[in-house]
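# Structure at a glance
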Amino acid sequence: MSSRPIIPASAAADPLALYVHWPFCVSKCPYCDFNSHVREQVDADAWRDALLADLRHEAALTGGRPLSSIFFGGGTPSLMPPAIVAALIEAAAGYWRPVPDLEITLEANPSSVEAARFADLAAAGVNRVSLGLQALEDEALHFLGRAHDVREGLAALDVAQSVFGRVNFDLIYARPGQSEGDWGTELARGLSFGTDHLSLYQLTIEPGTRFATLVAQGKLTPADSDHAATLYEQTQAMTTAAGIPAYEISNHARPGQASRHNLIYWRYGDYAGIGPGAHGRRLGMATLRHKKPENWMSAVQRNGHGLHGEEALGGQDRAREALLMGLRLAEGVDLERIAALSGLAVANLVDGNAVARLSAHGLVAQSGQNLRIEAAGMLLLDAILPEIVAV
């Protein structure tokens, strides 16, 4: 692996995204494998100072670049004191050059307690919120371990839509026992709320989660893969008909309303990641923060940053990551751009024979240097990617 990545000079002038991880939750959901932790008490002043220090370190390495988006993820960032959110936004705006329409997103649980903070979060600078509704049935919410019920969730959605200019919410489908009719009714209700962005995820059983334990014990049976595929096709048909088609395998938006922050990831741009467990990519370097909150805090106090490690990515690594991320998008990837980012020849990026074979089946499409997965192929994305990615 190269110790000094060869990166086009223009990359240093490209917009940068900032990710801030707030790791704390009220409780741990049984499907969640994110870096989230339950703590009885959080020292807000100490966390503000540590996050600002971690931010300062990344800014010293990338300062002056255009800043296209800030994303507060977690955990449950809507539990953050709005004053900390405001302090981080203000600091980031001083370190980098915010674009005129800077997108600032915060993930939120749809509880009444957190909804009461929405106005203060908007005043702090947040202009886009992503609500974890997850389901529109009380029984399903209980199954998913959520603390809110449908009434409370929809009340929070109402508040969010009145306070923030842009709103997304998540739903999880392909739950055990969920029929096409069940999901069709639930999704139709979700589409009726008029949000410009929806994140629709199939329930997956992740290792290390409570659901994985229940499956291993025979106490939980996941949805059959064929049935899940049927629900996926139903999802694409309904969202497209509603004018909110998929622009990424699980994300749907009206024209111009895609998450600009997530597009930085999927288009393989640079992003600074701060806070416990946060990943980052800057100028060919992969960065990783300490995962456990206490370990991250100790590292910041000791070193002035929470880095656990950073590693130079070789050309093949960068090309592979760019292909695996970009082919999730309906727009696909620009092979010439990936070649420039990685230093590899276009011909060495993908298996031409596999692309031709899958194209003949309507699963993949290539036009010039643009390669994309067709709608029918997205159902088989996990199987297609290893066939066509040659690096």
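Preceding this paragraph is the structure being described.
A brief report on the enclosed structure follows. Being a predicted model, the structure only gives us computed values, none of them experimental. (Residues numbered from 1 in each chain as written. Predicted model: local features only at pLDDT ≥ 70, side-chain atom pairs only at ≥ 80, totals over all residues. Heavy atoms only, no water.)

### Some points on the overall build of the chain
If you tally the helices and strands in the chain, you get 16 helices and 15 strands. Here the chain has a C-alpha radius of gyration of 21 Å; the compact-globule value for 391 residues is 21 Å, and the two agree. Along the longest, intermediate and shortest principal axes, the C-alpha atoms of the chain span 55 × 55 × 45 Å. Out of the 391 residues belonging to the chain, those deemed buried represent 52%. Within the chain, contacts between residues separated by at least 24 positions form 72% of all contacts whose residues are at least 6 apart in sequence. Accessible surface, the chain: about 17,000 Å² in total, of which carbon and sulfur atoms supply 53%. (Helix = DSSP H or I, 4+ residues; strand = E, 2+ residues; numbered from the N terminus. Rg over C-alpha atoms; globule rule 2.2 N^0.38 Å. Buried < 20%, exposed > 50% of the residue type's maximum accessible area, 1.4 Å probe, protein only. Contact = heavy atoms within 4.5 Å. Areas by Shrake-Rupley, 256 points an atom, 1.4 Å probe, with all protein chains shown as cover.)

### Some details on helix α9 (residues 225-241)
Here α9 spans 24 Å end to end across 17 residues, near enough to the 24 Å set by a 1.5 Å rise per residue. Here α9 has its buried residues at A228, L231, Y232, Q234, T235, Q236 and T239. In this structure, the buried residues of α9 make contact with β5 (166-173), α7 (180-191), β6 (197-202), β7 (246-248), β8 (251-253) and α15 (375-378). You can read the cap of α9 off the contacts: a side-chain oxygen lies 2.9 Å from the backbone nitrogen of D226, and it is on D224. The positive-phi residue at the C-terminal boundary of α9 is G243, with phi of around 80°. (Expected span 1.5 Å × (residues − 1). Polar contact = N/O pair within 3.5 Å; in protein donor to acceptor, adjacent residues only side chain to side chain.)

### A few points about the packing of helix α1 (residues 44-62) against helix α2 (residues 82-95)
Any two packed helices are characterised by how steeply their axes cross, that is the angle between the axes, and by the distance between the axes. At a minimum axis distance of 10 Å, the contact between α1 and α2 shows a crossing angle of 15°. The angle between the axes of α1 and α2 places the two elements in the roughly parallel class. In terms of crossing hand, the pair formed by α1 and α2 is right-handed. Between α1, through A44, R48, L51, L52, L55, R56 and A59, and α2, the contact on the second element is made entirely by I84, A87, L88, A91, A92 and Y95. Each residue belonging to the contact of α1 with α2 can be placed in one class, and the counts come to 11 nonpolar, no polar and 2 charged. (Axes fitted to C-alpha atoms, helices over the stretch in contact; angles between N-to-C directions. Parallel < 35°, antiparallel > 145°, perpendicular 65-115°, else oblique. Left-handed = near helix turned anticlockwise from the far one by under 90°. Nonpolar A, V, L, I, M, F, W, Y, C, P; charged D, E, K, R; others polar.)

### Concerning the sheet that holds strand β14 (residues 364-367)
Reading across from one edge, β13-β15-β14 is the order of the 3 strands in this open sheet, with antiparallel pairing throughout. The strands lining the two open edges of the sheet, one partner per strand, are β13 (333-334) and β14. Bridging between β13 and strand β15 (residues 370-373) involves 2 bridges; their strand directions are antiparallel. Looking at β15, one finds that V333 is bridged to L371. (Pairing = 2+ DSSP bridges.)

### A few points about the nonpolar core
It is characteristic of soluble globular proteins that their nonpolar side chains tend to be buried jointly. By size, the foremost hydrophobic cluster in this structure holds 100 residues, and its most contacted members are L18, L51, F72, L88 and I388. Residues within four places of L88 in sequence aside, it is in contact with V20, L51, L52, L55, F72, M80 and I274. Of all hydrophobic cores here, the second largest spans 7 residues; its members include Y19, I264, Y265 and A278. (Core = buried A, V, L, I, M, F, W, Y, C linked by side-chain atoms within 4.5 Å.)

### As for the packing of aromatic side chains
What the rule picks out here adds up to 12 aromatic pairs. Between Y19 and F71, the aromatic rings sit 6.2 Å apart at their centres with planes inclined by 20°, giving stacked as the arrangement. Of the two residues, Y19 sits in strand β1 (residues 16-22) while F71 sits in strand β2 (residues 66-74), which places them 52 residues apart along the sequence. With respect to class, Y19 is no different from F71; both count as buried. Measuring from centroid to centroid gives 4.9 Å for F24 and W47, while their planes differ by 80°, and the two rings are edge-to-face. Residue F24 is located in the loop between β1 and α1, and its partner W47 is located in helix α1; the two are separated by 23 residues in the primary sequence. (Phe/Tyr/Trp six-rings, centres within 6.5 Å; stacked < 30°, edge-to-face > 60°.)

### So, the environment of D170
By the element assignment, D170 lies in strand β5. Through-space distance from the C-alpha of D170 to that of L323 is 25 Å; in sequence the pair is 153 residues apart. With sequence-adjacent residues up to four places away left out, D170 is seen in contact with S130, L131, G132, L133, Q134, S199 and Y201.

### A look at the environment of I89
Assignment of secondary structure puts I89 in helix α2. Accessibility expressed as a relative area gives 10% for I89, which makes it buried. In this structure, the C-alpha to C-alpha distance between I89 and I104, residues 15 residues apart in sequence, is 8.5 Å. What I89 contacts, discounting residues up to four positions off in sequence, is I70, F72, I104, A124, G125 and V126.

### Section: the pairing of strand β9 (residues 270-274)
Summarising burial for β9: 5 of the 5 residues are buried, a large majority. Of the two faces of β9, the one carrying D270, A272 and I274 and the one carrying Y271 and G273 are both buried. Pairing between β1 and β9: 5 bridges, direction parallel. If you follow L18 over to β9, its bridge partner there is A272.

### Remarks on unusual backbone geometry
A cis geometry characterises the amide bond from G74 onward to G75, with omega recorded as 25°. Mapped onto the elements, G75 comes out in the loop between β2 and α2. Backbone geometry at Q134 places phi at a positive 75°, although glycine is not the residue there. Tracing the sequence through the fold places Q134 in strand β4 (residues 128-134). Of the residues examined, Q134 reaches a relative accessible area of 9% and is grouped as buried. A positive phi angle, close to 60°, is found at Y268, a residue other than glycine. As for its position among the elements, Y268 is in the loop between α10 (260-266) and β9. You can call Y268 buried: its relative accessible area is 13%.

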